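Summary of the model geometry
One-letter residues, chain by chain:
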Amino acid sequence: MKLLHLSVSPNLEGSSSRKVAARLLARLAGAYPRLEETLLDLSQQPLPHLDELTTSAFLTPVAQRTPAQQQAVQLSDLMVDMLLDCELLLLSSPMWNLGLPSVLKAWFDHITRAGRTFGFTDQGIKVGLVPNKKVYLVVSSGGVFSSGPWAQDDCFTPYVRKALAYIGITDLTVIRVDGTHDPLTRDTALSKALEAVDSLNL
């Protein structure tokens, strides 16, 4: 069982999303004794944001790409290959300013590729090309976004859910570390998230 783990928080020691992801990884290792984890730590090795050369390479048939375009698309191809090769995907990230840290958005931009992770039927209907993946999303937030008055402001989880579905992935389990800075929840946010991991039916 191959697992691709994207870790996003720049807080290497105190990150709640990293702590919860570590607990989840331990549980997954118990459930799948031959689990193979590939870690992409985007806080330590951020992906470049797309530029004109890379996007032009995406839109150019492989046989017609210039040497510069061929080089520009290599990293994106690697990210797609890693995604296609895994069976489990773990995304662990904080929510920043209601949405995704830009390094995680950059990963989605690199792996959302016409002809590789999505395509179109002869009738022009878009279809995802990345089936049979199970995704775990660990997301931490300073405020409480799972319910209450701020739930409608959560732009993180709806984006991730829609972006994954766009390429064919619909099996998503969300574990929230909710309200890490809220006076009413900050003392229990981490422990509740760890309990949620322990109660998962893997």
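To start, this report covers the structure provided alongside it. No experiment lies behind these values; they were computed from the predicted model shown.

Quick notes on a nonpolar patch on the surface
Taken together, the side chains of Ile125, Val127 and Leu129 present a nonpolar region at the surface, about 230 Å² in accessible area. Judged by relative accessible area, Ile125 falls into the exposed class, the value being 51%.

So, the packing of aromatic side chains
This structure, assessed with the given rule, holds five aromatic pairs. Ring geometry for Phe118 against Phe120: centres 5.9 Å apart, planes inclined by 85°, an arrangement best described as edge-to-face. Among the residues examined, Phe118 registers a relative accessible area of 9% and is labelled buried. Between Phe145 and Trp150, the ring centres sit 5.9 Å apart and the planes meet at 35°, which makes this aromatic pair tilted. A connected cluster of aromatic rings, assembled from ring pairs, spans Trp107, Phe108 and Tyr159.

Examining the side chain of Arg65
Along the chain, the position of Arg65 falls in the loop between helix H2 (52–58) and helix H3 (67–72). Polar side-chain contacts of Arg65 include one of 3.2 Å to the backbone oxygen of Thr60. Every residue in contact with Arg65, bar those within four places of it in the chain, is listed here: Ala57, Phe58, Thr60, Gln70, Val73, Asp77 and Arg113.

The rules behind these values
- Residues numbered from 1 in each chain as written.
- Predicted model: local features only at pLDDT ≥ 70, side-chain atom pairs only at ≥ 80, totals over all residues.
- Heavy atoms only, no water.
- Patch = residues over 30% accessible without salt bridge, like charges linked within 9 Å, V, L, I, M, F, W, Y side chains within 5 Å.
- Areas by Shrake-Rupley, 256 points an atom, 1.4 Å probe, with all protein chains shown as cover.
- Salt bridge = Lys/Arg side-chain N within 4 Å of Asp/Glu carboxyl O.
- Buried < 20%, exposed > 50% of the residue type's maximum accessible area, 1.4 Å probe, protein only.
- Phe/Tyr/Trp six-rings, centres within 6.5 Å; stacked < 30°, edge-to-face > 60°.
- Helix = DSSP H or I, 4+ residues; strand = E, 2+ residues; numbered from the N terminus.
- Polar contact = N/O pair within 3.5 Å; in protein donor to acceptor, adjacent residues only side chain to side chain.
- Contact = heavy atoms within 4.5 Å.

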